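# A structural walkthrough
Here's the letter readout for the chains.
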Amino acid sequence: MELIVAVYDDWGIGRDGTQPIALSADRKFFRETTRGAMVIVGRRTIQDFPGQKPLPGRVNVALSRSCQEIPGFTVCQTPEQALELAQNADRAMVIGGGSVYRQMLPYCDSAYVTKVHVCPPSDTYFPNLDQDPQWELSETIQSGEENGIGYEMLLYRRKTQE
């Protein structure tokens, strides 16, 4: 399983349920990378989706302990249920938010991380993969600048146990 996330320099990912600074290059990268995949997302992150509707061209799975039904989403109550669904998908990607990333990270072996080189106030953080001995930077996919803000799209891979 894979995940995709945009982080700021302090590994913050959001504040008050949304991204304080979002780049169009990252949104495009997200659309292209997740197209056709099963995406696993939390209920609160769905509230930040346009119209709170499922993402088109993807199989949308919501991870929620409190909701039984969310229109357009298959609802899983536990990470294990989501993992079971993911095993039947060609490609499954965890797309947030914070608590879903924390619950699903142990099951992921690849992480697409867009590092946005600013540090707005955040109340939600992603684990710093640069400091995690289980993860290594595998590839810089793209780098650039948008509206004076530098960014890099990076691929991290979980190190294999030898």
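Residues numbered from 1 in each chain as written. Predicted model: local features only at pLDDT ≥ 70, side-chain atom pairs only at ≥ 80, totals over all residues. Heavy atoms only, no water.

Bringing the sheet that holds strand β1 (residues 2-8) into the picture now. Spatially, 8 strands are ordered β5-β4-β3-β6-β1-β7-β10-β9 in an open sheet, and the strand pairing comes out mixed. Strand pairing shows two members of the sheet lacking a second neighbour, β5 (74-76) and β9 (135-146), which therefore form its edges. Here the strands of the sheet are splayed against their neighbours by 25 degrees on average, with no regard to which way each runs. For strand β3 (residues 38-42) and strand β4 (residues 59-63), the ladder comprises 5 bridges, and the chain directions are parallel. By the bridge assignment, methionine 38 is partnered in β4 with valine 59. On the sheet, helix α1 (residues 24-34) packs against β1, β3, β6 (92-96), β7 (110-116), β9 and β10 (149-158) and is oriented at approximately 175 degrees with respect to β1. (Pairing = 2+ DSSP bridges. Helix = DSSP H or I, 4+ residues; strand = E, 2+ residues; numbered from the N terminus. Axes fitted to C-alpha atoms, helices over the stretch in contact; angles between N-to-C directions. Contact = heavy atoms within 4.5 Å.)

For the rest of this paragraph, the subject is the nonpolar core. Ranked by size, the top nonpolar core spans 27 residues in total, and within it Leu3, Ile40 and Phe126 carry the most contacts. Within the residue set of this core, elements represented by two or more residues are β1, β3, β4, α3 (79-86), β6, α4 (98-104), β7 and β10. Apart from the residues lying within four places of it in its own chain, the contact partners of leucine 3 are Met93, Val94, Tyr101, Leu105, Cys108, Ser110, Ala111, Tyr112 and Phe126. Membership of the second largest hydrophobic core comes to 24 residues, among which are Ala37, Val41, Val75 and Tyr151. (Core = buried A, V, L, I, M, F, W, Y, C linked by side-chain atoms within 4.5 Å. Buried < 20%, exposed > 50% of the residue type's maximum accessible area, 1.4 Å probe, protein only.)

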